[in-house]
Amino acid sequence: MQPLSLPPRLLMGPGPINCYPQVLSAMSTQLVGQYDPTMTSYMNEVMDLYRQVFKTQNQQTFLIDGTSRAGIEAALVSSVEPGDKVLVPIFGRFGHLLAEIAERAGAQVHTIEAPWGEVFDPQQIEDAIKKVQPKLLAIVQGDTSTTMLQPLEELGEICRAHDVLFYTDATASIGGNPFETDKWKVDAVSVGLQKCLGGPSGSAPISMSERFVEVVRKRHHVEAGIRDAHHEDAGGERIRSNYFDLSMIMDYWGEERLNHHTEAATMLFGSRQCAIELLREGQDQVIARHKQAGDAMLSGIQAMGLQPFGNLKHKMSNVVGVNIPDNVDGEAIRHILLNTFNIEIGTSFGPLKGKVWRIGTMGYNARQDAVLHTLQSLETTLRRAGFALPTGAAVDAALDAYGSK
Ligand SMILES: *Cc1c(COP(=O)(O)O)cnc(C)c1O
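Residues numbered from 1 in each chain as written. Predicted model: local features only at pLDDT ≥ 70, side-chain atom pairs only at ≥ 80, totals over all residues. Heavy atoms only, no water.

## Description of the overall build of the protein
A tally of regular secondary structure across the protein gives 13 helices and 14 strands. Taking 405 residues into account, the globule formula puts the C-alpha radius of gyration at 22 Å, and the protein, at 22 Å, falls close to it. Summarising its shape, the C-alpha atoms of the protein cover approximately 75 × 55 × 40 Å along the three principal directions. Expressed as a percentage of the 405 residues in the protein, the buried residues total 58%. Considering only contacts in the protein between residues 6 or more positions apart, those separated by 24 or more positions represent 71%. When the accessible surface of the protein is split by element, carbon and sulfur atoms take 50% of a total near 17000 Å². Averaging the locations of the 36 positively and 47 negatively charged side chains of the protein gives two centres separated by 4 Å. (Helix = DSSP H or I, 4+ residues; strand = E, 2+ residues; numbered from the N terminus. Rg over C-alpha atoms; globule rule 2.2 N^0.38 Å. Buried < 20%, exposed > 50% of the residue type's maximum accessible area, 1.4 Å probe, protein only. Contact = heavy atoms within 4.5 Å. Areas by Shrake-Rupley, 256 points an atom, 1.4 Å probe, with all protein chains shown as cover. Lys, Arg positive; Asp, Glu negative; His and termini not counted. Charge placed at Lys NZ, Arg CZ, Asp CG, Glu CD.)

This is the structure:
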């Protein structure tokens, strides 16, 4: 067997992306025991770092071990009891995922749908809430499948007014677009590292408000073999997952450190470094860097004569959909970009499959040089495939967008 040997790809798809080098270094750190005071103090530090990332005072802010959908599953399976009504406004693939996970948790799921490439008006969501009267609203913030960013600012207020819990999946948007847990009255949010946070997939930071925690706590049942005089069950229906039981995971991250899973320490080191990178550069600065890279990529795409997908007013800053021109074989172009230029861009799902490329500028790759290399390589590849375009216009437009000479 040879040692690992991977090509030096530039990952400009909708995620995963190349990690910050500091994150990779942090992940090669040796382990200590699970309850070693050094380890538990790093766990506390991670809780505090992610409170800053999420902009929240929520005590219950920690990591779910698993990819982003582990965070989604934990939030939904721990809050939703069989028969509970859940409203899921769907504007892309990940909305369908939220609906599916809620359904598997036993919820009575109600959906409303926006056309792919659009988002919801808060009024549409309020109308649906009035009609359905759900226990929980579950909605994606940034759906990489369509590149759209759903405005969330008003939804928390609407949910409070109708006594609905408000959960959002901000995996694809956090770090590259504004997110305000407390200000927007979000009750539960979960994310992943492999988009704008610049880490690998495999850890799902989550944060929960007091009112969300109360709902979960009512369902607390102590794990068999740990139950004793101090640790008793609450009255509610037991959460139908052990691994994603947020009531037990809270006890594990809390002062008691009641044993649950073995912390994925290496992922914790990586998650910690992702937060540090974001906070060291400054969240506003990182969001601005994503906006700048996204704007430059969009300008370049348009200067090449390509049409962006969807309503640009609601485009996420960190990814752009590009309509594949007629007479261009989208997969053949992606193949050349990958194999000749070592650049990965994304394909699409569902109704957009074969019709749209998705090009991301996220985390470590939200950089001018990454934008320029991608545009130049795409231009050359398209030109050689017979697509007529103004030579050099894309990189010029991106440089102009950056205000470069
Ligand atoms: C990319 C993405 C995910 C990823 O989920 P994984 O389980 O980490 O693959 C989840 N939600 C949204 C909105 C995403 O864009």
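Let us keep going from here.
## Section: the sheet that holds strand 14 (residues 356-360)
Across the sheet, three strands lie side by side as 11-12-14; this open sheet has antiparallel pairing. Two strands lie at the open edges of the sheet, namely strand 11 (307-308) and strand 14, each paired on one side alone. Where strand 11 and strand 12 (residues 319-323) come together, two bridges link them in antiparallel fashion. Its bridge partner being in strand 12, glutamine 307 is matched across the sheet by asparagine 323. (Pairing = 2+ DSSP bridges.)

## Looking at the domain arrangement of the protein
As assigned here, the protein comprises domain 1 (20-278) and domain 2 (283-401). A C-alpha centroid distance of 31 Å is found between domain 1 and domain 2. Taken together, the 29 residues of domain 1 in the interface contact 24 residues of domain 2. A buried area of about 2200 Å², summed over both sides, lies between domain 1 and domain 2, and 64% of it is on carbon and sulfur atoms. Counting the contacts that link domain 1 with domain 2 gives zero salt bridges. The tally of links from domain 1 across to domain 2 stands at eleven residue pairs in polar contact (both at pLDDT 80 or more). Taken together, the elements giving at least two residues each to the side of domain 1 that touches domain 2 come down to helix 2 (37-54), strand 6 (142-143) and strand 7 (148-149). For the side of domain 1 that touches domain 2, the class distribution of residues is twelve nonpolar, twelve polar and five charged. (Domains from an automatic or database assignment. Buried area = accessible area lost by both parts, 1.4 Å probe. Salt bridge = Lys/Arg side-chain N within 4 Å of Asp/Glu carboxyl O. Polar contact = N/O pair within 3.5 Å; in protein donor to acceptor, adjacent residues only side chain to side chain. Nonpolar A, V, L, I, M, F, W, Y, C, P; charged D, E, K, R; others polar.)

## As for the sheet that holds strand 3 (residues 85-90)
Taken together, the seven strands give an open sheet; going across it, the order is 2-10-9-8-5-3-4, and neighbouring strands pair in mixed fashion. Each edge of the open sheet is held by one strand with a lone partner, namely strand 2 (60-65) and strand 4 (108-113). Between one strand axis and the next, the sheet turns through 20° on average, direction left out of account. In terms of strand pairing, strand 9 (residues 188-190) meets strand 10 (residues 203-208) through three bridges, oriented antiparallel. Residue pairing across strands places alanine 188 opposite methionine 208, the latter belonging to strand 10. Sheet strands touched by helix 2: strand 2, strand 9 and strand 10. Its angle to strand 2, the strand with the most contacts, is close to 105°. (Axes fitted to C-alpha atoms, helices over the stretch in contact; angles between N-to-C directions.)

## Section: a negative patch on the surface
On the surface, Asp121, Asp127, Glu153 and Glu154 cluster together into a patch of negative charge. Considering the arrangement of structural elements, one finds glutamate 154 in the loop between strand 7 and helix 6 (155-161). (Patch = residues over 30% accessible without salt bridge, like charges linked within 9 Å, V, L, I, M, F, W, Y side chains within 5 Å.)

## Here's the deal with the nonpolar core
Nonpolar side chains in soluble globular proteins tend to be buried together. Grouped together as the largest cluster of nonpolar side chains are 88 residues, with contacts concentrated most on Tyr50, Phe62, Ile64 and Trp253. Top contributing element to this core by residue count: helix 2, with eight residues. Residue contacts for phenylalanine 62: discarding those within four places in its chain leaves Met47, Ala204, Pro205, Ile206, Met208, Leu246, Ile249, Met250 and Trp253. Grouped together as the second largest cluster of nonpolar side chains are 33 residues, Ala296, Met297, Ile301 and Leu337 included. (Core = buried A, V, L, I, M, F, W, Y, C linked by side-chain atoms within 4.5 Å.)

## Some thoughts on the pattern of salt bridges
Scanning the entire structure with this criterion turns up 18 salt bridges. Glutamate 45 is paired through a salt bridge with arginine 272; the nearest N and O atoms lie 2.5 Å apart. With a gap of 227 residues between them, glutamate 45 in helix 2 and arginine 272 in helix 9 (residues 265-281) connect regions that are remote in the sequence. The partly exposed category is assigned to glutamate 45, whose relative accessible area is 32%.

## With respect to the UniProt feature "domain: Aminotransferase class V" (unreviewed entry) in the protein
Per the UniProt record, the feature "domain: Aminotransferase class V" (unreviewed entry) sits at residues 36-346. With 41% helix and 16% strand, the stretch residues 36-346 has end C-alpha atoms that lie 42 Å from each other. (UniProt positions renumbered as here; feature names shortened; annotations may be inferred.)

## Considering the pairing of strand 3
For a regular strand, side chains alternate in direction, first toward one face of the sheet and then toward the other. Among the six residues that make up strand 3, five are buried, leaving the element largely enclosed by the rest of the structure. Of the strand pairs in this sheet, strand 3 and strand 4 are connected by six bridges, and their pairing is parallel. In the sheet register, isoleucine 90 faces strand 4, and the bridge partner there is glutamate 113. Regarding topology, helix 4 (residues 93-104) serves as the crossover connection from strand 3 to the parallel strand 4, and that connection is right-handed. Taken together, the two bridges between strand 3 and strand 5 (residues 136-140) define a ladder with parallel strand orientation. (Right-handed = clockwise from strand over helix to strand, strands pointing away.)

## Overview of the packing of aromatic side chains
This structure, assessed with the given rule, holds seven aromatic pairs. Each ring, one from tyrosine 243 and one from phenylalanine 244, has its centre 5.1 Å from the other, and the planes form 70°; the classification is edge-to-face. When its relative accessible area of 14% is taken as the criterion, phenylalanine 244 is described as buried. Arranged with centres 6.4 Å apart and planes meeting at 90°, the rings of tyrosine 252 and tryptophan 253 form a pair that is edge-to-face. Here tyrosine 252 and tryptophan 253 have matching classes, each one buried. Pairwise contacts between aromatic rings join Phe62, Tyr252 and Trp253 into one cluster. (Phe/Tyr/Trp six-rings, centres within 6.5 Å; stacked < 30°, edge-to-face > 60°.)

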